[in-house]
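# Commentary on secondary and tertiary structure
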Amino acid sequence: MDITGRKLFVKALLEEGVDTVFAYPGGMVTDILDELYKTEAIELVLPRHEQGLVHEAEGYAKSTGRVGVCIVTSGPGATNTLTALADAHYDCIPLVCFTGQVPLGLMGNDAFQEIDIVGMTRNITKYSVTVRERKELGRIIKMAFHIARTGKPGPVLIDIPKDIQTQPGPSQYPDSVNIRGYKPNESVHIGQLKKGYKLLKGAKRPLFLLGGGINIARANDRMLELVEKTQVPVVTTIMGKGAIPTDHPLYIGNSGMHGKYAANIAVSRCDVLFSIGTRFNDRITGDLNEFAPNAKIVHVDVDTASISRNVVVDVPIVADANLAIEKLLEWAEPQKCTKWMEEIAGWDQENPLEMRRDRGMTPQMIMEGINQAFDSGILVTDVGQHQMWAAQYIELNKDKQFITSGGLGTMGFGLPAAIGAKIANPNKDVICITGDGGIQMNIQELATSIVQEAPVVVCLLNNYYLGMVRQMQQLWYGKRYEATCLRRRKGCPAQCKGPGEQCPPYTPDFVKLAESYGAKGLRVFREEEILPALEEARRSSVTTFIEFMIATEDIVLPMVKGGNPMSEMILSK
C-alpha cells in the first residue's frame with residue numbers, strides 16, 4: 001500500500017533509531033512536522049536559530065556517536081545552516097540535515113524562499129542531493145544515514161521539495177543500500193601496518209601523535225592499552241585531547257600552535273612519529289620543512305585523501321583507528337624509552353605549563369576549579385583564548401569527554417553544542433567553557449536550554465575583548481587594538497592602547513541577561529570565589545551562567561607564530 005512521503009519520512013527516522021530531532025519550522029517543512037506531531041517516539045527540539053540548531057545536533061552526535069538529525073525550511077532556513085554544516089564537515093561529525101524545498105514545478109523560477117542549497121553545500125558535506133522522485137525518497141534517506149555514519153563520518157544534506165512530502169509512493173524503507181562508488185575502507189593493510197610497527201619498535205625516541213580520529217572511533221580504551229603495552233609516550237592534537245587520560249604518566253600534552261613546550265620539542269626531536277587519526281593541519285605542523293625533521297612518520301587514517309596531503313609520510317596506512325589498534329595490540333611489546341622519557345621530563349621542568357599566580361584570578365585557576373568541581377561529565381568549549389586554556393589545563397579521564405570546534409574554529413559553537421550534549425545525556429554534567437565574544441553569537445540558545453529543561457553550566461571568561469585576535473595585535477601589530485574591544489563605543493578615542501578607568505561599561509550585563517532567560521546568573525572576581533560558584537552551579541536545576549572576570553592582559557602561552565617551526569615558541573610576554 002502506498003503512503004505519503006511525509007509518512008515514509010517519519011517511518012525512516014524510526015527505522016534508523018532516531019530519538020531526537022532538532023527542527024525549526026517553515027512553510028516547506030510544515031507537512032513533515034505535522035507528521036512528526038503524531039509520534040511520541042521522537043522528541044522534537046525547537047531551538048531559536050538554525051545555526052544553533054545544527055550545533056546542537058553536533059553536540060548530540062559528538063557526545064553519543066549517533067547521527068544527529070536536523071530539519072529546516074527552505075531559503076534562509078537552509079542558508080542559516082551553512083556555517084554549522086561546514087563545522088561538522090571539518091570535524092567529521094555524523095549529521096543528516098533535511099531541508100524543505102519549493103515544489104518541483106517552481107524550482108528554477110525564483111520562487112519565494114527558493115535557494116539552491118545543494119549547490120551551496122556540495123563542498124561542505126559528504127553528500128548533498130535534492131529528492132526529485134517520490135519513489136526514491138526511502139532509498140535516499142537510507143543512503144544519507146549510511147554515508148553520514150560510515151568511513152570518515154560527516155554531514156549529509158537531503159533537500160525535499162514540498163510536493164514530494166505529500167505525494168503517495170512505496171511504503172517500504174530499505175534494510176540496506178548499495179551505493180556505487182562509495183566503498184569505505186573496512187580493513188587494514190597488514191603489510192603496511194607491520195612496516196609501521198617495525199619502525200616504531202626499532203625507534204630510540206618513539207612518539208604517538210593522536211588526533212580526533214581516536215575520539216571519533218571511540219578507540220580510547222584500546223589506545224590506552226596499546227600505550228601501556230608499548231610504553232611509548234603520547235602527544236595529542238586539540239581534537240585528540242582525551243585519547244588517553246591526561247594524568248597518565250606517558251601523556252605529555254597537546255602539541256601545536258598553543259601546545260605544551262615539552263610536547264612540541266618531543267615532536268621536533270623524535271625519531272619515529274606514529275600518528276593515528278590526524279590531518280596534520282597547519283596548527284599542528286607549523287613550517288612543514290621543520291616538522292618532525294628527524295623522524296620517520298607513520299600515518300594511520302580512515303580517509304585516504306588525508307594521508308600525505310600536508311605531510312609526506314614514510315608509511316601510509318588507510319584504516320579505521322579501532323581496526324589498526326586492535327591489530328597492533330597483537331604485536332605490541334614494551335619498549336625501552338626510559339632515557340627518552342627523562343629527556344621529555346627535563347623539557348617539562350625547563351618550561352612548565354603554568355600561569356603566574358600573583359596577579360589575581362587567572363584562566364588556569366578557573367580550569368583547575370572546573371577539574372575539582374566535576375570529576376565526570378562533558379566539557380564543551382567555544383572558540384578563542386578560553387578554548388586554548390581549556391585544552392591546556394582541563395583534565396580528562398574515562399568519565400570525562402572534551403568537545404570543541406577544531407577544523408573550522410567556529411565562534412558560537414559552544415553553548416548550543418553543550419545544550420545538544422545535555423539533551424542527549426540528561427544524567428551527565430555538561431559544562432560550557434566560553435568567551436564574551438563567542439557566547440554572543442548564539443546566546444539566544446539559552447532559551448532552548450531553559451524550555452528543554454536541559455541545564456548546563458556556562459563558564460564565561462570575560463576579558464572585554466575578542467581575545468585571540470587581540471593577542472596577535474599585542475604581539476605583532478604594535479598594540480593597535482582595532483575592532484577587538486567589546487566595550488568600545490562611538491565616543492571612544494580613535495586610537496586606544498588598552499583598557500583604563502575611562503572605559504565605558506560592558507554591554508550586555510551577562511548576569512541580568514541570563515536571568516532574563518530564566519537562568520541563574522553569577523559573577524566571580526576572585527580565586528576564592530571560583531569553587532563555591534561552580535559547586536552552586538553543579539547543584540542547580542536550571543542553567544547557571546557564571547561570568548568570570550579575568551585580566552585583559554592574560555594571553556595564551558606558549559604560542560607559535562603562524563608558519564614558524566613548532567620548536568620556535570613564544571614562552572613569555
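Above this note sits the structure.
Bear in mind that the values here come from a model prediction, so they are computed numbers and not experimental data.

Further remarks concern the overall build of the protein. Each helix and strand counted, the protein has 22 helices and 20 strands in total. Taken against the 2.2 N^0.38 rule, which gives 25 Å for 573 residues, the C-alpha radius of gyration of the protein at 24 Å falls within 12% of a compact globule. Overall, the C-alpha framework of the protein stretches about 75 × 65 × 45 Å when taken along its three principal axes. The 573 residues of the protein split such that 57% are buried. Total accessible area on the protein is roughly 23900 Å²; 49% of this is exposed by carbon and sulfur atoms. Measuring between centres, the 61 positive side-chain charges of the protein sit 4 Å from its 66 negative side-chain charges.

A word on helix 7 (residues 137-149). Under the 1.5 Å per step criterion, the end-to-end length of helix 7 is 19 Å for 13 residues, consistent within 8% with the ideal 18 Å. Along helix 7, ten of the 13 residues are buried, which leaves the element largely enclosed by surrounding structure. Those residues of helix 7 not exposed but buried are Leu137, Gly138, Ile140, Ile141, Lys142, Met143, Ala144, Phe145, Ile147 and Ala148. Of the surrounding elements, those touching the buried residues of helix 7 are helix 1 (5-15), strand 4 (68-72), strand 5 (95-101), strand 6 (127-130) and strand 7 (155-161).

Let us look at the environment of Asp436. Within the fold, Asp436 resides in the loop between strand 17 (430-435) and helix 19 (446-451). A relative accessible area of 2% places Asp436 in the buried class. For the pair formed by Asp436 and Val458, sequence separation is 22 residues and the distance between their alpha carbons is 11 Å. The contact partners of Asp436, leaving out residues within four places of it in the chain, are Leu460, Leu461, Asn462, Asn463, Tyr464, Tyr465, Leu486, Tyr506 and Phe510. In this structure the side chain of Asp436 is engaged in a polar contact, spanning 3.0 Å, whose partner is the side chain of Tyr506.

For the pair helix 3 (residues 50-64) and helix 5 (residues 82-90), the least separation of the axes is 7 Å and the interaxial angle reads 25°. The pairing of helix 3 with helix 5 is recorded here as roughly parallel in orientation. Here helix 3 contributes Gln51, Val54, His55 and Glu58 to the contact with helix 5, which in turn contributes Thr83, Ala84, Leu85, Asp87 and Ala88. For the contact of helix 3 with helix 5, the residue count by class is four nonpolar, three polar and two charged.

Taken as a whole and judged by the stated rule, the model has 25 salt bridges. Close ionic contact of Lys142 with Glu16 constitutes a salt bridge, the shortest N to O distance being 3.2 Å. With Lys142 in helix 7 and Glu16 in the loop between helix 1 and strand 2 (20-23), this pair connects stretches of sequence that are 126 residues apart. Both residues of the pair, Lys142 and Glu16, belong to the buried class. Among the salt bridges present, the one from Glu528 reaches Arg526, with a minimum N-O distance of 3.4 Å. It is possible to trace a salt-bridge network through shared partners that takes in Arg6, Lys7, Asp31, Asp34, Glu35, Lys38 and Lys162.

Moving on to the environment of Lys201. For Lys201, the position within the fold is in helix 9 (residues 190-201). For Lys201 and Ile530, which are 329 residues apart along the polypeptide, the C-alpha to C-alpha distance reads 46 Å. Apart from the residues within four sequence positions on either side, Lys201 is in contact with Glu333 and Gln335.

Pairing in this open sheet of six strands is parallel, and the strands run 16-15-17-18-20-19 from one edge to the other. Each of the sheet's edge strands pairs with one partner strand only, and the pair in question is strand 16 (400-403) and strand 19 (520-524). Across this sheet, the average inter-strand angle for adjacent strands is 20°, counted without regard to direction. Inspection of the sheet shows strand 19 paired to strand 20 (residues 544-549) by five bridges, in the parallel sense. Of the residues in strand 20, the one forming a bridge with Leu522 is Ile546.

Attention now goes to the side chain of Arg6. Take Arg6: it is sitting in helix 1. What makes Arg6 buried here is its relative accessible area of 14%. At 2.7 Å, the side chain of Arg6 and the side chain of Glu35 are in polar contact. With sequence-adjacent residues up to four places away left out, Arg6 is seen in contact with Asp31, Ile32, Asp34, Glu35, Lys38 and Gln165.

The rules we used
Residues numbered from 1 in each chain as written. Predicted model: local features only at pLDDT ≥ 70, side-chain atom pairs only at ≥ 80, totals over all residues. Heavy atoms only, no water. Helix = DSSP H or I, 4+ residues; strand = E, 2+ residues; numbered from the N terminus. Rg over C-alpha atoms; globule rule 2.2 N^0.38 Å. Buried < 20%, exposed > 50% of the residue type's maximum accessible area, 1.4 Å probe, protein only. Areas by Shrake-Rupley, 256 points an atom, 1.4 Å probe, with all protein chains shown as cover. Lys, Arg positive; Asp, Glu negative; His and termini not counted. Charge placed at Lys NZ, Arg CZ, Asp CG, Glu CD. Expected span 1.5 Å × (residues − 1). Contact = heavy atoms within 4.5 Å. Polar contact = N/O pair within 3.5 Å; in protein donor to acceptor, adjacent residues only side chain to side chain. Axes fitted to C-alpha atoms, helices over the stretch in contact; angles between N-to-C directions. Parallel < 35°, antiparallel > 145°, perpendicular 65-115°, else oblique. Nonpolar A, V, L, I, M, F, W, Y, C, P; charged D, E, K, R; others polar. Salt bridge = Lys/Arg side-chain N within 4 Å of Asp/Glu carboxyl O. Pairing = 2+ DSSP bridges.

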